[in-house]
Amino acid sequence: MPPGSERLRSVHTADGGIILDVRNGKMFSLNVSGSAIFQLLEQGFSEDRIVDQLVRRFGIPAQTARADLAAFCELLRDRALLTANLHSERD
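Residues numbered from 1 in each chain as written. Predicted model: local features only at pLDDT ≥ 70, side-chain atom pairs only at ≥ 80, totals over all residues. Heavy atoms only, no water.

Engineer: Teacher, can you tell me more about the overall build of the protein chain here?
Structural biologist: Counting its regular elements, the protein chain contains 3 helices and 3 strands. Walking the protein chain from its N terminus toward its C terminus, one meets helices and strands in the order β-β-β-α-α-α. Among the 91 residues that make up the protein chain, the fraction classed as buried is 34%. The long-range share in the protein chain, meaning contacts at least 24 apart out of those at least 6 apart in sequence, stands at 41%. Accessible surface computed for the protein chain: about 5,600 Å², of which carbon and sulfur atoms make up 51%. (Helix = DSSP H or I, 4+ residues; strand = E, 2+ residues; numbered from the N terminus. Buried < 20%, exposed > 50% of the residue type's maximum accessible area, 1.4 Å probe, protein only. Contact = heavy atoms within 4.5 Å. Areas by Shrake-Rupley, 256 points an atom, 1.4 Å probe, with all protein chains shown as cover.)

If you want it as C-alpha coordinates, here you go:
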(Lines give C-alpha, C1' and ligand atoms only; values in the text may rest on other atoms or scores of the structure.)
Protein backbone atom coordinates (compact mmCIF):
# COMPACT_ATOMS: atom_id res chain seq x y z
CA MET A 1 0.00 0.00 0.00
CA PRO A 2 1.49 3.34 -0.97
CA PRO A 3 1.36 6.32 1.34
CA GLY A 4 -1.84 8.27 0.85
CA SER A 5 -4.09 5.23 1.12
CA GLU A 6 -7.47 5.63 2.77
CA ARG A 7 -6.21 4.43 6.15
CA LEU A 8 -3.33 6.93 6.39
CA ARG A 9 -3.46 10.66 6.98
CA SER A 10 -0.43 12.91 7.10
CA VAL A 11 0.37 16.50 7.97
CA HIS A 12 3.66 18.19 7.15
CA THR A 13 5.31 21.41 8.32
CA ALA A 14 8.75 22.96 7.94
CA ASP A 15 9.75 21.08 11.11
CA GLY A 16 8.66 17.57 10.03
CA GLY A 17 5.40 15.69 9.89
CA ILE A 18 2.93 13.32 11.47
CA ILE A 19 1.41 10.16 9.97
CA LEU A 20 -1.83 8.87 11.46
CA ASP A 21 -2.80 5.25 10.83
CA VAL A 22 -6.56 5.68 11.14
CA ARG A 23 -7.33 1.97 11.26
CA ASN A 24 -4.90 1.19 14.08
CA GLY A 25 -5.11 4.54 15.86
CA LYS A 26 -1.32 4.96 15.82
CA MET A 27 0.60 8.14 15.15
CA PHE A 28 4.17 8.44 13.88
CA SER A 29 6.27 11.60 13.95
CA LEU A 30 8.70 12.39 11.15
CA ASN A 31 11.77 14.58 11.10
CA VAL A 32 12.29 17.00 8.22
CA SER A 33 13.92 14.48 5.90
CA GLY A 34 11.39 11.74 6.73
CA SER A 35 8.57 14.17 6.03
CA ALA A 36 10.12 15.12 2.68
CA ILE A 37 10.52 11.47 1.68
CA PHE A 38 6.97 10.58 2.74
CA GLN A 39 5.53 13.46 0.69
CA LEU A 40 7.50 12.36 -2.38
CA LEU A 41 6.28 8.79 -1.91
CA GLU A 42 2.70 10.09 -1.67
CA GLN A 43 3.23 11.86 -4.97
CA GLY A 44 4.40 8.62 -6.60
CA PHE A 45 7.97 9.71 -7.28
CA SER A 46 10.41 7.01 -8.40
CA GLU A 47 13.41 6.07 -6.29
CA ASP A 48 15.74 8.04 -8.57
CA ARG A 49 13.60 11.17 -8.42
CA ILE A 50 13.37 10.99 -4.63
CA VAL A 51 17.15 10.61 -4.39
CA ASP A 52 17.60 13.63 -6.69
CA GLN A 53 15.24 15.69 -4.55
CA LEU A 54 17.05 14.71 -1.33
CA VAL A 55 20.44 15.58 -2.84
CA ARG A 56 19.18 19.01 -3.89
CA ARG A 57 17.18 19.79 -0.77
CA PHE A 58 19.65 18.59 1.87
CA GLY A 59 22.99 18.86 0.05
CA ILE A 60 23.95 15.22 0.67
CA PRO A 61 25.69 12.75 -1.63
CA ALA A 62 23.44 10.54 -3.78
CA GLN A 63 24.79 7.42 -2.09
CA THR A 64 23.74 8.77 1.33
CA ALA A 65 20.32 9.81 0.01
CA ARG A 66 19.75 6.35 -1.50
CA ALA A 67 20.76 4.61 1.77
CA ASP A 68 18.55 6.94 3.83
CA LEU A 69 15.62 6.34 1.49
CA ALA A 70 16.05 2.56 1.70
CA ALA A 71 16.26 2.65 5.50
CA PHE A 72 13.20 4.90 5.79
CA CYS A 73 11.14 2.71 3.45
CA GLU A 74 12.13 -0.35 5.47
CA LEU A 75 10.86 1.37 8.64
CA LEU A 76 7.60 2.23 6.89
CA ARG A 77 7.19 -1.38 5.75
CA ASP A 78 7.92 -2.68 9.26
CA ARG A 79 5.00 -0.57 10.50
CA ALA A 80 2.76 -1.56 7.55
CA LEU A 81 2.73 2.05 6.31
CA LEU A 82 4.24 1.13 2.94
CA THR A 83 3.74 -2.06 0.99
CA ALA A 84 4.51 -0.91 -2.56
CA ASN A 85 8.02 -1.28 -3.91
CA LEU A 86 9.87 1.72 -5.23
CA HIS A 87 10.80 1.67 -8.88
CA SER A 88 13.93 3.07 -10.36
CA GLU A 89 13.66 5.07 -13.55
CA ARG A 90 16.28 2.67 -14.90
CA ASP A 91 13.84 -0.28 -14.57
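Engineer: I tried to follow unusual backbone geometry on my own but got confused; where do I start?
Structural biologist: Across the chain, the bulk of peptide bonds are trans and the bulk of non-glycine residues have phi less than zero. In this model, A80 sits at a positive phi of 60°, which is unusual for a non-glycine residue. Turning to its location among the elements, A80 is positioned in the segment after α3 (62-78). A80 sits in the partly exposed class, given a relative accessible area of 36%.

Engineer: Can you help me understand the sheet that holds strand β2 (residues 16-21) in this one?
Structural biologist: Note on sheets: strands pair through backbone hydrogen bonds, and any given pair is parallel or antiparallel. Spatially, β1-β2-β3 is the arrangement adopted by the 3 strands of the open sheet, whose pairing is antiparallel. Of all strands in the sheet, those bounded by a partner on one side alone are β1 (8-13) and β3 (26-30). Neighbour-to-neighbour, the strand axes of this sheet turn through a mean angle of 15°, independent of strand direction. Across 6 bridges, β1 lies against β2 in antiparallel orientation. The partner of L8 across the bridge, within β2, is D21. Contacts from helix α1 (residues 32-42) reach β1, β2 and β3 within the one sheet, and its direction differs from that of β1 by about 130°. (Pairing = 2+ DSSP bridges. Axes fitted to C-alpha atoms, helices over the stretch in contact; angles between N-to-C directions.)

Engineer: When you look at a nonpolar patch on the surface in this model, what are you seeing that I'm missing?
Structural biologist: Together, I18, L20, V22 and M27 make up an exposed nonpolar region whose accessible area comes to about 350 Å². With respect to the helices, strands and loops of the structure, I18 is situated in strand β2. (Patch = residues over 30% accessible without salt bridge, like charges linked within 9 Å, V, L, I, M, F, W, Y side chains within 5 Å. Salt bridge = Lys/Arg side-chain N within 4 Å of Asp/Glu carboxyl O.)

Engineer: What should I look at first to understand the packing of aromatic side chains in this one?
Structural biologist: How two aromatic rings sit relative to each other is set out by the distance from centre to centre and by the angle between their planes. Across all of its chains, the model carries 0 aromatic pairs by this definition. The aromatic ring of F45 is capped on one face by R49, whose charged end is 3.9 Å from the ring centroid. (Phe/Tyr/Trp six-rings, centres within 6.5 Å; stacked < 30°, edge-to-face > 60°. Lys NZ or Arg CZ within 6 Å of the ring centre and 35° of its normal.)

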